[in-house]
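Notes for the structure review
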Amino acid sequence: MRLGRAGIDPHMHADGDGAVRAALDAVEVMRKQINRGDVRPAIAHDEIVSPADFPRFKALDTIPVLSFQWEKPAGDTIGLTNYFGPERMKILEPAGLLAAAGARIVFGSDWPVDALDEWFALKVGVTRTNAPSAPPEFHGKLGEDPGLSREAVLRAATIDAAYELHEDDVTGSLQVGKLADLIVLDRDPLKIPAEDIANVHVLETVVGGRTVYESTSQH
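The sections below set out a description of the structure shown in this document. (Residues numbered from 1 in each chain as written. Predicted model: local features only at pLDDT ≥ 70, side-chain atom pairs only at ≥ 80, totals over all residues. Heavy atoms only, no water.)

1. A closer look at the overall build of the protein
Applicable threshold: Labels follow the DSSP assignment, with helices taken as runs of H or I lasting at least four residues and strands as runs of E lasting at least two, numbered in each case from the N terminus. It is over C-alpha atoms that the radius of gyration is taken, and the globule rule equals 2.2 Å times the number of residues to the power 0.38. Note on definitions: a residue-residue contact is assigned when non-hydrogen atoms from the two residues lie within 4.5 Å. Note on areas: these come from Shrake-Rupley sampling with a 1.4 Å probe, and a residue is covered only by the protein chains present in the view. Working convention for charge: Lys and Arg count positive, Asp and Glu count negative, and His plus the chain ends are omitted. Note on charges: their place is set at NZ of Lys, CZ of Arg, CG of Asp or CD of Glu.
A tally of regular secondary structure across the protein gives eight helices and seven strands. In terms of overall dimensions, the protein is globule-like: its C-alpha atoms have a radius of gyration of 18 Å, near the 17 Å expected for 219 residues. Summarising its shape, the C-alpha atoms of the protein cover approximately 55 × 50 × 30 Å along the three principal directions. Here the analysis covers contacts within the protein between residues at least 6 apart in sequence; of these, 66% occur between residues at least 24 apart. Accessible surface computed for the protein: about 11,600 Å², of which carbon and sulfur atoms make up 55%. Looking at the protein, you have 22 positive and 34 negative side-chain charges, and the mean spots of the two groups are 6 Å apart.

2. Examining the pattern of salt bridges
For the record, the criterion: The working definition used for a salt bridge is a side-chain nitrogen of Lys or Arg within 4 Å of a carboxyl oxygen of Asp or Glu.
Scanning the entire structure with this criterion turns up 16 salt bridges. The residue Asp-160 makes a salt bridge to Arg-155 at a minimum N-O spacing of 3.1 Å. Members of the salt-bridge network, linked through shared partners, are Arg-21, Asp-25, Glu-28, Lys-32, Asp-53 and Arg-56.

3. Describing the sheet that holds strand β7 (residues 210–214)
What counts is decided by this rule: Strand pairing is assigned whenever DSSP detects at least two bridges linking the two strands. Think of each axis as a best-fit line through the C-alpha atoms, taken over the contacting stretch in the case of a helix, with angles from 0 to 180 degrees between the N-to-C directions.
Within the open sheet, the three strands sit side by side as β5-β6-β7. Their pairing is antiparallel. Single-partner strands in this sheet number two, and they are β5 (182–185) and β7. The average undirected angle you get between the axes of adjacent strands in this sheet is 20 degrees. In terms of strand pairing, strand β6 (residues 202–207) meets β7 through four bridges, oriented antiparallel. Opposite Glu-204, over in β7, you have Glu-214 as the bridge partner.

4. As for the side chain of Asp-53
Basically, it comes down to this: A 1.4 Å probe rolled over the protein chains alone gives each residue an accessible area, and that area as a share of the maximum for its type sets the label: buried under 20%, exposed over 50%, partly exposed in between.
With respect to the element layout, Asp-53 can be found in the loop between β2 (42–45) and α3 (54–59). Taking the relative accessible area as the measure of exposure, Asp-53 reaches 2% and is therefore buried. If near-sequence neighbours (up to four positions away) are discounted, Asp-53 is found in contact with Arg-21 and Leu-24.

5. Quick look at the environment of Pro-193
Following the sequence through the fold, Pro-193 ends up in the loop between β5 and β6. Separated by 121 residues in sequence, Pro-193 and Lys-72 place their C-alpha atoms 18 Å apart.

6. Some remarks on the packing of aromatic side chains
To be explicit about the condition: Under the pairing criterion, centres of Phe, Tyr and Trp rings, with the six-membered ring standing for Trp, must be within 6.5 Å; the plane angle then separates stacked pairs below 30 degrees from edge-to-face pairs above 60, leaving the rest tilted. Should the NZ of a Lys or the CZ of an Arg lie within 6 Å of a ring centre and within 35 degrees of the ring normal, that charge is described as sitting over the ring.
Within the structure shown, the criterion is met by one aromatic pair. The side chain of Arg-40 reaches across the aromatic face of Tyr-163, ending 3.8 Å from its centre. A cation over a ring is seen here: Arg-104 above Tyr-163, with NZ or CZ 3.6 Å from the ring centre.

7. Topic: the sheet that holds β2
Read across the sheet, four strands follow the order β1-β2-β3-β4 without closing on themselves; strand pairing throughout is parallel. If you trace the sheet from one side to the other, it starts and ends with β1 (11–14) and β4 (106–107), each paired once. Here four bridges tie β1 to β2, and the two strands are oriented parallel to one another. Each bridged residue has a counterpart across the sheet, and for Ala-14 the counterpart in β2 is His-45.

8. Describing the layout of surface pockets
Test applied: The rule is simple: put a 1 Å grid over the protein atoms alone, call a set of points where a 1.4 Å probe fits but cannot get out a cavity, call an open set with protein on both sides within 12 Å along at least five of seven lines a pocket, and count a residue as lining if it has an atom within 4 Å of a point. Grid points are joined across faces, edges and corners, and a volume is the space filled by probe spheres set on the points. Here the nonpolar group is Ala, Val, Leu, Ile, Met, Phe, Trp, Tyr, Cys and Pro; Asp, Glu, Lys and Arg are the charged ones; every other residue, Gly included, is treated as polar.
Estimates place the volume of the largest pocket at around 870 Å³. If you go around the largest pocket, you meet 27 residues; those closest to its centre are Ala-157, Thr-158, Asp-181, Leu-182 and Ile-183. Breaking the lining of the largest pocket down by element, the ones donating at least two residues are α6 (118–127), α7 (150–157), α8 (159–164), β5 and β6. In terms of residue class, the lining of the largest pocket is built from 17 nonpolar, six polar and four charged. Computed from the structure, the second largest pocket encloses a volume of approximately 240 Å³. If you go around the second largest pocket, you meet 18 residues; those closest to its centre are Val-65, Phe-107, Gly-108, Ser-109 and Glu-164.

9. A look at the nonpolar core
The condition is simple: In plain words, nonpolar cores are sets of buried Ala, Val, Leu, Ile, Met, Phe, Trp, Tyr and Cys residues tied together by side-chain atoms within 4.5 Å.
Formed by 31 residues in total, the largest nonpolar core has its most connected members in Phe-57, Phe-68, Leu-98 and Ile-105. Elements with a contribution of two residues or more to this core: α2 (17–33), α3, α5 (95–100), α6 and α7. Per element, the largest residue contribution to this core is five residues, and it comes from α2. Other than its neighbours up to four places away in sequence, Phe-57 contacts Val-20, Leu-24, Ile-43, Asp-46, Val-49, Thr-62, Ile-63, Pro-64, Leu-98 and Ala-103.

Have a look at this one:
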């Protein structure tokens, strides 16, 4: 509440459905009691969300910040079956379900806890699959969530992330008047096979109109 009154965006981390609901309840109280402008609360991770709470993200204008790289079969997901039970396992990492309920999805890399491998994470966000080299027990898709579209994962890493940070008026999309922050890629992530998104390489990085990185290798 004090953060909201000060115009500071509350940024919370919640993993289980009870924690997510408590965070949403707190935002609801803040929205009712604070009559001020542009506060953009966020809840990171959101591994398990009760279906009843899916539409509350949009209704409360609260941003789920999701680490897409977790949305795949792995020891830290399918290994939880005995703890979560089958119904919760169906909706583990519900990015697509939250998006379908109207939530503004933002990508959070979880770096330095996780490796900074955004293209693998974006691939997982679309396919909900692990790398082809993963052990056989981690093949296939995670749960019943449909995943996100390619456009949605790219928005989550660009303009919607900029929105969360109140930077969407200066960066996050290529528009006249915004900073010339952009990357040049070796392939089009909207047209290649979805699994190949993990193999995208950046050839050049431009920040504020100045080239700060150029690849020396050919892909």
